Structures are given as structure tokens and as C-alpha cells.
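Listed below, chain by chain, are the residues.
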Amino acid sequence: MIHGLRLVSEKQLRVRKITQGTVIDHIPGGKALTVLKLLGISAQTGECITIAMNIPSSKIGKKDIIKIENMFLSGQDFNKIALIAPRATINKIQDTRIVQKEPVSIPDNFSGIIRCINPTCITNKENEPISSKFQVLQRKPLTIKCGYCDRVMDESESMVNLIFR
Ligand SMILES: [Zn+2]
């Protein structure tokens, strides 16, 4: 007989509380790593991160969850997440409690995040430090238009032109 050993259920493990930070929920299954990369978070950047992948979700089929301790997200971070995970919700945790729960939404306009697919666009000129900007024409599927050269990009073109720093 083993005393003092308590099995941690999968559920408990998933909801392990963080004292302060951010929980990104309802990321489409398998997209968590792309979200982290787009947020500029890697093994080298040092944040304490918990990732759960491919959890059954009644809302979106399979979902990923990311918990980042001691980090809060900017408006631009919200935009980045919205483009990859439009149904994500961002939970802000303080003193182990959720103090804010906010869904992301794809903005009407955004800058950076995606590179214009047109090689002759001014935002792709090496010596012109101009960041890209786009107008969102349609949210589902995502369709965006470059604010400089008017090139329209569909969702798959957008997703292969994400800017990872
Ligand atoms: Zn362009």
C-alpha cells in the first residue's frame, strides 16, 4: 500500500493555477506553438509556460491552451492571436483569480504580423523600414488587402507569410 501518493488527474493538471499571468484558451488544436512563435516566446526567452494541446472541446473540436506566467498581452498581441485563433479567449490572472476574460476579435486594420505577398511592395524593399499594414476585407475565411500596394491575400497566403521575430 502506498501512502501519501495522490494521483493528479488530467483535469487537475490542465487547470493548475498560475498566480499571475495570462491564459490563452480556445486555440484551434495544434496551433499553440504558432501562437507562441508569433508572440515572440521561445525556450530562450525564459517565460514560464504551460501548454496543453489537442484537448477535446465542445466549442471548437480540439483545442490548445497556453498559460504564460507573469506576462500580460498588448493590443497587438491580441491582434496576432485573433488572426490565428479567432475564437480564442484571453484570461488575465491576478492573485490566482481570473480578473478579466476577453475574446479576441480580428481587427478592421492591423500593421505588421503578416508580410505582403507582393515582392515589389514597398514594405518588402530591403532599405525601406516600413512595416506592412492591412485592411481586413473578410474575416472567415480571412481575406486582407495591403494598405500600400492593394494586393489581396487569402487566408492560406496570409498564414504562410506570418512574421516571426
Ligand atoms: Zn503590399
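Residues numbered from 1 in each chain as written. Predicted model: local features only at pLDDT ≥ 70, side-chain atom pairs only at ≥ 80, totals over all residues. Heavy atoms only, no water.

Chemist: Would you mind going over the coordination of the zinc ion with me for this structure?
Modeler: In ideal tetrahedral geometry, four donors around a metal make angles of 109.5 degrees, whereas ideal octahedral geometry with six donors gives angles of 90 or 180 degrees. Each protein donor to the zinc ion is listed here as Cys116 (SG), Cys121 (SG), Cys146 (SG) and Cys149 (SG); together their distances run 2.3 to 2.4 Å. Coordination at the zinc ion comes from four donor atoms whose angles at the metal span 101 to 113 degrees, giving a geometry best classed as tetrahedral. For the zinc ion, all donor residues lie on one chain, and their spacing in sequence is C-x4-C-x24-C-x2-C. Of this pair, Cys121 sits in the loop between strand 6 (109–111) and strand 7 (133–139) while Cys146 sits in strand 8 (residues 142–146); the two residues are 25 residues apart in sequence, bridging distant segments of the chain. (Donors = N, O, S within 2.8 Å, 3.2 Å for Na, K, Ca; no water. Tetrahedral: all angles 85-135°; square planar, octahedral: opposite > 155°, others 65-115°. Helix = DSSP H or I, 4+ residues; strand = E, 2+ residues; numbered from the N terminus.)

Chemist: Quick question: what am I supposed to make of a nonpolar patch on the surface here?
Modeler: Together, Leu33, Ile51 and Met53 make up an exposed nonpolar region whose accessible area comes to about 250 Å². Among the secondary structure elements, Met53 is positioned in strand 2 (residues 49–57). (Patch = residues over 30% accessible without salt bridge, like charges linked within 9 Å, V, L, I, M, F, W, Y side chains within 5 Å. Areas by Shrake-Rupley, 256 points an atom, 1.4 Å probe, with all protein chains shown as cover. Salt bridge = Lys/Arg side-chain N within 4 Å of Asp/Glu carboxyl O.)

Chemist: Explain the layout of surface pockets here, please?
Modeler: Where empty space is left can be seen by rolling a probe of water-molecule size over the atoms. When its volume is computed, the second largest pocket comes out at roughly 310 Å³. Along the wall of the second largest pocket there are 13 residues; nearest its centre are Pro28, Ile84, Pro86, Lys140 and Glu155. For the lining of the second largest pocket, the secondary-structure elements that each account for two or more residues are helix 3 (75–84) and helix 4 (155–159). Among the residues forming the lining of the second largest pocket, the class breakdown is eight nonpolar, no polar and five charged. Summarising the domain contributions, the lining of the second largest pocket has at least three residues from each of domain 1 (10–103) and domain 2 (109–159). (1 Å grid on protein atoms, 1.4 Å probe; cavity = no way out; pocket = protein on both sides within 12 Å on 5 of 7 lines; lining within 4 Å. Points joined across faces, edges and corners; volume = space filled by probe spheres on them. Nonpolar A, V, L, I, M, F, W, Y, C, P; charged D, E, K, R; others polar. Domains from an automatic or database assignment.)

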